[in-house]
Amino acid sequence: MPRGRRGSRVSALEGGGEEEAAAAAVPSVPWASPLQPEAAAEQVLLRGIFEIGRSSCDVVLSERALRWRPIQPERPAGDSKYDLLCKEEFLELKDIFSVKLKRRYFASGTGTLLGITLFICLKKEQNKLKDSTLDLINLSEDHCDLWFRQFKKILAGFSNRPKSLKILLNPQSHKKEATQVYYEKVEPLLKIAGIETDVTITEYEGHALSLLKECELQGFDGVVCVGGDGSASEVAHALLLRAQRNAGMETPSVLAPVRAQLPLGVIPAGSTNVLAHSLHGTPHVVTATLHIIMGHIQPVDVCTFSSTGKLLRFGFSAMFGFGGRTLALAEKHRWMSPNQRRDFAIIKALAKLKPEDCEISFLPFNSSADLQERRPQESPESDCEDQWQVIQGQFLNVSIMAIPCLCSVAPRGLAPNTRLNNGSMALIIARNTSRPEFIKHLKRYASVKNQFNFPFVETYTVEEVKVYPKNKTSAHSQEEEDRPPEIASENSFPWNVDGDLMEVTSEVHVKLHPRLINLYGESMEEMNDSKVTCNCL
């Protein structure tokens, strides 16, 4: 290909035909893409010569992409495949997250410039992201400096990407691996991306909550939690409480809470990692880190849990009955390893399996309402009595989930029919049945079969749920009525809220609030769509 003047379009932009289509099958750089027709309309910013993959290339930097093609390769006689290897390829600029000058350093401390290294976020299979590099080799200081400054200017234009993060690390998560996960896998990527961090290692349960109530967050672009579901839920709860206080609400509203002001990043370092798995489609640490670095923002629905009109907490999912009792048993055996504790609690809860006598009322989801504007000034009067549905009976388990709740033991999710921000919750009820039948239902979560295809299982799509247990109400004294509902007593009922134990003595009102918090990540639908349309694969 003849070399053009600096700033002119690459001649391949004017080409076409069958050979251009064939080039997609044999790219010289595995993750690069062949030329796209719309490239002809882009403004060229820089053009020069770099060595890429041991080939001297004509490289063009445009507004949206970096394009390169080997310069006049010598074609071996009769080798048609060689032509395909020399077709133009490109990388979208939005997939670059850092740029560095590449140097070879000597023992004396001096360094010789080799060129420029681009750090790239790649989309892989199964929703995973991977970091990679592309070296642009050129020994000219002036040439590299010009390109380096242009790349830095382009990266500075991605205003959604964080520049400073508050990190909260729970060293007790799972097998106490969170510290190692952060310093070996997360921090190196954040440093490459040039993100400043302030790390706090939490020392006790509730430390993150008390810290976020008081600490100064004005200089941060986001908050990152390194830990399990309980840690992530605690930080989300703290960010939302802080938003209510900043809005002048000393008593947080359970009807119309204020959105969190900073996005939350979740680095999975727990035993189940339900929130991270539901958010990214995988509990992969590097994937979660790259979503934060790239500034991918996903609004997520949040529930308020209240009792007798008082807010207990914000959360994403809850289980009452078997799920709550299993967690309560596990919490009493914290000295065991996480896996031992979980297995022991499940076996013991199944051995003592018994139903809860409850009244459950719920408000069905109104899909015709606009999620952004639905009931902005919510009040009890907006809930017409004839819209609420009531069911009574004995229930082995009640699940209320605003997110799909994917995890290793439920690859389809505990609530596969809901999404991160569709404005609804899944209400899943398992009525009283025999122990073997209930165990069959639990085992279905680990398979591809429909876990709800049992006569004793009912599912509903709802906006609000009220759960009123009846088993112990007759034993409640006036003293217990005056006690704060979240304080445990002999007559309290255990709830599993995002992996945290919440013990309540009376009814619980669960209400969904659409898109109340932003999390760093992309929905699985968006990531799956990108496999078809993304030009960097």
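Above this text sits the structure in question.
Thresholds applied
- Numbering of residues starts from 1 in every chain and runs along the sequence as written.
- Local features in this predicted model are restricted to residues of pLDDT 70 or higher, and side-chain atom pairs are both shown and tallied only at a pLDDT of 80 or more, whereas totals for entire chains, interfaces and linings draw on every residue.
- Hydrogens and water molecules were not included; the side-chain quantities draw on all heavy atoms of the structure.
- Segments assigned H or I by DSSP are reported as helices when at least four residues long, segments assigned E as strands when at least two residues long, and all are numbered from the N terminus.
- The contact criterion used is simple: two residues touch if any of their non-hydrogen atoms lie within 4.5 Å.
- Where accessible areas are quoted, they stem from the Shrake-Rupley method and a 1.4 Å probe; at the residue level, only the protein chains shown are allowed to cover.
- When a residue's accessible area, from a 1.4 Å probe over protein chains only, is under 20% of the maximum for its type it is buried; when over 50% it is exposed; and in between it is partly exposed.
- In protein, a polar contact requires one atom able to donate a hydrogen and another able to accept it; more generally it is a pair of N or O atoms within 3.5 Å, and residues adjacent in sequence count only if both atoms are side-chain atoms.
- Any two rings among Phe, Tyr and Trp, with Trp reduced to its six-membered ring, count as a pair given centres within 6.5 Å; such a pair is stacked if its planes are under 30 degrees apart, edge-to-face if over 60, and tilted if neither.
- Strands pair, by our definition, only if DSSP identifies at least two bridges between them.
- Throughout this description, the term salt bridge denotes a Lys or Arg side-chain nitrogen within 4 Å of a carboxyl oxygen of Asp or Glu.

Chemist: What is the right way to read the overall build of the chain from this model?
Modeler: Secondary structure summary: the chain contains 13 helices and 22 strands in total. Taking the intrachain contacts of the chain between residues at least 6 apart in sequence as the baseline, contacts between residues at least 24 apart amount to 71%. Summing over all exposed atoms, the chain offers an accessible surface of approximately 25,200 Å²; the carbon and sulfur share of this is 49%.

Chemist: Sorry, what's going on with the side chain of R313 here?
Modeler: Assignment of secondary structure puts R313 in strand 14 (residues 310-315). The class for R313 is buried, based on a relative accessible area of 11%. There is a polar contact of 2.6 Å between the side chain of R313 and the side chain of S233. Other than its neighbours up to four places away in sequence, R313 contacts S233, E234, H237, C303, T304, F305, V497, D500 and M502.

Chemist: Looking at this structure, I do not really get unusual backbone geometry. What am I missing?
Modeler: It is generally the case that most residues other than glycine have a negative phi and that most peptide bonds are trans. Of note in the backbone geometry, N127 takes a positive phi value of approximately 65° without being a glycine. Backbone geometry places C405, a non-glycine residue, at a positive phi of 60°.

Chemist: What is the right way to read the packing of aromatic side chains from this model?
Modeler: Two aromatic rings are characterised by how far apart their centres lie and by the angle between their planes. The tally for this structure, following the rule as stated, stands at 10 aromatic pairs. Aromatic pair F97 and F119: ring centres 6.3 Å apart, planes at 45°, arrangement tilted. Of this pair, F97 sits in strand 6 (residues 96-105) while F119 sits in strand 7 (residues 111-123); the two residues are 22 residues apart in sequence, bridging distant segments of the chain. One exposure class covers both F97 and F119, and it is buried. The interplanar angle of 45° and the centroid separation of 6.3 Å between the aromatic rings of W147 and F151 together place this pair among those described as tilted. Note that W147 and F151 are positioned in helix 3 (residues 141-156) at a spacing of 4 residues, about one turn of the helix. No difference in accessibility class separates W147 from F151, as the two residues are buried. Through a chain of ring-to-ring contacts, three or more aromatic side chains come together here, namely F50, W147 and F151.

Chemist: So what exactly am I meant to see when it comes to helix 8 (residues 285-294) here?
Modeler: Helical geometry note: an α-helix holds 3.6 residues per turn, so side chains three or four residues apart project in the same direction. Most of helix 8 sits out of view: 10 of its 10 residues are buried. Within the sequence span of helix 8, burial applies to V285, V286, T287, A288, T289, L290, H291, I292, I293 and M294.

Chemist: What am I meant to see in the pairing of strand 5 (residues 89-92) here?
Modeler: Burial of the side chains of strand 5 extends over both faces: E89 and L91 are buried on one face and F90 and E92 on the other. Here strand 4 (residues 65-70) pairs with strand 5 via 4 bridges, running antiparallel. Opposite R67, over in strand 5, you have F90 as the bridge partner.

Chemist: I keep staring at the pattern of salt bridges and nothing clicks. Help me out?
Modeler: Pairs may arise between side chains of opposite charge once their charged atoms sit close together. For the structure on display, the rule yields 13 salt bridges. With a shortest N-O distance of 3.7 Å, K102 and D135 are connected by a salt bridge. Placement of the pair is K102 in strand 6 and D135 in strand 8 (residues 129-137), with a sequence separation of 33 residues. Close ionic contact of R325 with E356 constitutes a salt bridge, the shortest N to O distance being 2.4 Å. Placement of R325 in helix 9 (residues 322-331) and of E356 in strand 16 (residues 356-364) is noted, with a sequence separation of 31 residues between them. Residue E356 is classed as buried on the basis of its relative accessible area of 2%. The network of salt bridges with common partners includes E92, K94 and D95.

Chemist: Which parts of the structure should I look at to understand the environment of F220?
Modeler: Looking at where F220 falls in the secondary structure, it is placed in the loop between helix 5 (207-214) and strand 11 (222-227). Note: C-alpha distance between F220 and P162 (58 residues apart in sequence) is 8.1 Å. Leaving out residues up to four positions away in the same chain, F220 has contacts with S164, L165, K166, D198 and L262.

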